[in-house]
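Single-letter residue listing:
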Amino acid sequence: MVEPADRPSAAGQRLGAPESFGVSTLEPGLRPPAQPPGRQVAIRVQMLDDTQEVFQISQRSPGKLLFDLVCVHLNLVEGDYFGLEYQDQRKMTVWLDLLKPTLKQIRRPKNTILRFVVKFFPPDHTQLTEELTQYLFALQIKRDLACGRLICNDTSAALMVSHIIQSEIGDFDETQSWQHLLHNKYLPDQDAIRDKITDCHRKHVGHTPAESDYQLLEIARRLEMYGVRLHPAKDREGTKLSLSVAHTGVLVFQGYTKINAFNWSKIRKLSFKRKRFLIKLRADTSQNAHHDTLEFAMASRDCCKIFWKICVEYHAFFRLFEEPKPKPKPILFTRGSSFRFSGRTQKQIIDYVKDSEIKKVPFERKHSKILSSSSMTPQSSSFRSQVPKQCSMSVPLADQPDSARLGHQAESNGSEEPAAATFSTNGFHDIQAAPGSDPTQSRQNHHGTGSAPDQQLLNPGSPDSEDSPLGSPCVVVNGNGSVNGQGMGGTSVLGPGQSPEGRQLSPLTSPLLTDAGYVRNEDEDEARRKKFPTDKAYFIAKELLTTERTYLNDLQVITESFQGVAGKDEAFPDSVNNLISASYDPVYKFHQGFLKEVEQRLAQWEGRSNAHIKGDYQRIGDVLLKNIQGLRQLTIHLQKHSECLVELERACRSSRKAEALCREFEQQRVCYLPFNIFLLRPLHRLLHYKLILERLCKHYPPTHDDFRDSRAALADISEMVLQLQGTMMKMENFQKLLELKKDLTGIDNLAIPGREFIRLGCLSKLSGKGLQQRMFFLFSDSLVYTSRGMTPSNQFKVHGQLPLYGMTIRESEEEWGVPHSFTLFGQRQSVVVAASCASEMERWVEDIRMAIDLAEQSSSPHTDLLSTSLSDNKLSEDGGAEQESEEELCGSRSSLERQGHRGNTTVHVCWHRNTSVSMVDFSVAVENQLSGNLLRKFKNSNGWQKLWVVFTNFSLFFYKSHQDDYPLASLPLLGYSVTVPSESENIHKDYVFKLHFKSHVYYFRSESEYTFERWMEVIRSATCSASRSLPSTRKDLY
């Protein structure tokens, strides 16, 4: 047998490494040794481009052989930056150990998919020499963005996505870019910043895919969350934190904010003992000796060990000149773990690529629709033919069952039971300082663009966007993009806050809208629920409490936030300020006292106070009767709310300063809806009291103690609603016209007496270029059609107007061969349009015919809606959408700096989801407002996260608690479906409903059957367009 010292050394052989069992990426010219004898086993590996490859390996072959087969399959030279990760039997994400036999680590290879992903993130992407490596890193960044791991502000996110799109479809084309964004989700909260993305994309003309990858990595490397993988932990005080490791050392995060960093040069030893992770620092003369050890508690010993291993590997990869030599085997007993880093260090990779002459072979960019002449990889083409016999076939993810689609899961929180330990009790690792200066010392991360973590929904997780909060058309960044939404955050996107699940943020991508570190104890929840009353009346009273909290917060937007801003700038006349203050301050103070009474009654009902009292306080009708009688004294103030709306609009028309102040206030996160909606909240609240009392009286038998008070309160509130209903309906229509005026450009005098809004939504208009998507607005006297403009405020550009007087309508599907099409014959022109489905067509035809009848009966003359400039210069229907004015072009250039507030209006949601809503739908949504605590779960997450959720204006708004001033993320529900999970989805909990739109899925869990039915009822009102025959009182308005 040849002694190790006598073996001939091959050029490039790893220093001090054990004998290689497979193909080393350091030795591309050598024929790989034969695999160890034994039965062949098929292993599936998911690549960064989402394809799957199957590799045949021997039962006894080490992990290194499989990893080298993957690198050879890709012709990848700089493969040591990457690794293979998988979920073990404890459902924890771990890295494949290259020195151990693969099948000793993967117990069930048939049911396991390994993921080939980036393991080590260098501080400077210019250290990646080969284009293929940069391309793979770009795919990793793309995946981290989609799942909500890479948290950043909207500007950075839009820039990065624009470079991704440039590499995939080439130079900007408006139609192609919009279609591409509609069918591909790169962010949990993508819909909210879609305009920013297109504005950035138009600036990348001429960039090749390689240049786009370079720019993407240049932006990503400056972000604080670049390459960060969070491991949940707690400090000694029990504060929830997260640990991570980077090229500089160990990082500490609170949420998504870095609060501390320990450089490798300051760390003396990393170790763990049971669930405690220990960082021992080098002696510092400025601190006492007992401060040199930091302790963090993690979920389990296995979580500690997983994080300790990756720390060991990061330190060796970035700090050492060469691979560490194996420790000699002890004679008697072992102490600690024998784990060590296996592979080349970063310095070895850089030196090897620099000194070697490597042939380049083309590689395929799977998602790119353009050819790149420079797409070459640095490996000999003959190298592939020397790979051991293997079966390598692509398996598209779409063909796999959901259980087999394993995306990037966020680091385990350790809630599962740990398996039996395979190492010694303690794991420890002495940090070896590299001799001399750090060989890979590079510039530190610059936290410029996007350094502050966004509070997004949605939005948190897997590489596929299917589980992202907005997918995300689901999670939308609130206001100035603070979510996402999390938020995912964002809110993600809540979010995508994603990690909405594919670990979307979105979003919802906020720390509060991702599930990492927020797994709840189900047993505690069940025990807590059993302590509370189960009577339906209690849950009706609780709905009163939760909605009253939201209502009071909405009033606070007027009485504190808006009045505070208006008082400072003196933009409004004193008469307007005094009118708003005199009309809303008494109402706000009254409801503060009302809320306290309801809170006290619910506390008594639940037994949290006066526990010895049983029957007297298990009712709510007496509290409602008392306060509704008090509310009647405020009727004079409620009647002035319509006057406030009119005077505020008049002040904005007469003063640019006032208009700018209102516009800036609506950009604030606290103003999560158009401000005029808040002004109508007191009138809407009367409807809510009426509906709550109707449910209460329906539930109580006539003999119940609370029935008499509830019925009396219902009679009083019904009288108030009847008295104010006419004003309420007129103001709803006026408010809607004012809101639409902000969404449209090229239109004059929209809000005039006698004009009623009826429906808005998407229809395809047939022109010389074929079917083109247009946004239609139906009023009581005319039909206006528009297209998405390129203005800074995302307004819709008016193309034409069809007066309803004398119009006829005819279905024309057979005539034009276009499904769901109909023709509108006007006095001056005819238009052929097509709806997205048969039900949409029926709704449009019904409403248009009704509007035509109204126009025929109306005695008021027709008023031209179009502005003078548009009337004088007739737009070309074929090219008008693509022609931009100089003002619009200038506005689009500055859109990166603006805060995309209006991207979440109902009009924009209808545009993106290709649907429509009517005034009847808006009126039903006003009545069906709801708020309360829900548990939310993503498709692939294990735990449930508790959130305060508010339903209003066709959207769900997510808060951490009801005490928050503004939502972290929002989820527009138009286009979504609400159902109950099926058995195959394994949601073994009561009162769970499921929201899904295309591939985006969310589960929500309520506390009782009553609240479950209420959430289903109100969400269905937003997801299913109301029939005009149902709300007859609303229909009578027209």
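You'll find the structure just up there.
On a predicted model such as this, the values are computed, not experimentally measured, just so you know. (Residues numbered from 1 in each chain as written. Predicted model: local features only at pLDDT ≥ 70, side-chain atom pairs only at ≥ 80, totals over all residues. Heavy atoms only, no water.)

A.B. asks: Any details on the sheet that holds strand E30 (residues 992-997)? Residues and values, ideally.
C.D. replies: Strands sit in the order E28-E27-E26-E25-E31-E30-E29 across an open sheet of seven strands; the sheet is antiparallel. In this open sheet, the two edge strands, each paired with only one partner strand, are strand E28 (969-972) and strand E29 (977-979). Strand-to-strand, the axes of this sheet are offset by a mean angle of 35°, without reference to chain direction. Note: strand E27 (residues 955-959) against E28, four bridges, orientation antiparallel. Across the sheet, the residue bridging to Leu956 is Leu971, located in E28. (Pairing = 2+ DSSP bridges. Helix = DSSP H or I, 4+ residues; strand = E, 2+ residues; numbered from the N terminus. Axes fitted to C-alpha atoms, helices over the stretch in contact; angles between N-to-C directions.)

A.B. asks: Any chance you could break down the nonpolar core for me, citing the residues and the numbers?
C.D. replies: With 106 residues, the main nonpolar core has Val45, Phe82, Phe116, Leu136, Met160 and Phe277 as its most contacted residues. It is helix H8 (residues 301-319) that provides the largest number of residues to this core, a total of 12 residues. Dropping the residues within four chain positions of it, Phe277 is found in contact with Leu243, Leu270, Ser271, Phe272, Leu294, Glu295, Phe296, Met298, Cys304, Phe307, Trp308 and Cys311. If you look at the next biggest cluster of nonpolar residues, it comprises 80 residues, including Trp605, Ile620, Ala651 and Val721. (Core = buried A, V, L, I, M, F, W, Y, C linked by side-chain atoms within 4.5 Å. Buried < 20%, exposed > 50% of the residue type's maximum accessible area, 1.4 Å probe, protein only. Contact = heavy atoms within 4.5 Å.)

A.B. asks: Any details on the pairing of strand E10 (residues 267-273)? Residues and values, ideally.
C.D. replies: Of all seven residues that make up E10, five are buried, and the element is covered over most of its length. Where E10 folds back on strand E11 (residues 276-281), the antiparallel hairpin that results is connected by two residues, among which Arg274 adopts a positive phi of roughly 55°.

A.B. asks: Give a detailed account of the packing of aromatic side chains, specifying residues and quantitative values.
C.D. replies: By convention here, two paired aromatic rings are described through the distance between centres and the angle between planes. Counting across every chain of the model gives 36 aromatic pairs. For the ring pair Tyr81 and Phe137, a centre distance of 5.9 Å and an interplane angle of 80° mean the geometry is edge-to-face. Of this pair, Tyr81 sits in the loop between helix H1 (63-74) and strand E3 (82-87) while Phe137 sits in helix H3 (residues 131-147), and the two are 56 residues apart along the sequence. Across this residue pair, the class does not change: Tyr81 and Phe137 are buried. (Phe/Tyr/Trp six-rings, centres within 6.5 Å; stacked < 30°, edge-to-face > 60°.)

A.B. asks: Hey, could you go over the environment of Leu66 for me, with residue numbers and the actual values?
C.D. replies: Along the polypeptide, Leu66 turns up in helix H1. Separated by 10 residues in sequence, Leu66 and Gln56 have C-alpha atoms that sit 8.5 Å apart. Non-local contacts of Leu66, meaning those with residues more than four positions away in its chain, are made with Ile43, Val45, Phe55, Ile57, Leu84, Leu96, Thr102 and Leu114.

A.B. asks: Run through the pattern of salt bridges, naming residues and quoting values.
C.D. replies: Inspection of every chain in the model, using the stated rule, returns 42 salt bridges. Among the salt bridges present, the one from Arg202 reaches Asp199, with a minimum N-O distance of 3.9 Å. In this structure, Glu840 engages Arg843 in a salt bridge whose closest nitrogen and oxygen atoms are separated by 3.0 Å. Here the residue Glu840 and the residue Arg843 both occupy positions in helix H22 (residues 838-857), the gap between them amounting to three residues, near one helical turn. Look at Arg843 and you get partly exposed, because its relative accessible area is 22%. Put simply, Glu543, Arg695, Arg1014 and Glu1017 are held in one network by salt bridges that share partners. (Salt bridge = Lys/Arg side-chain N within 4 Å of Asp/Glu carboxyl O.)

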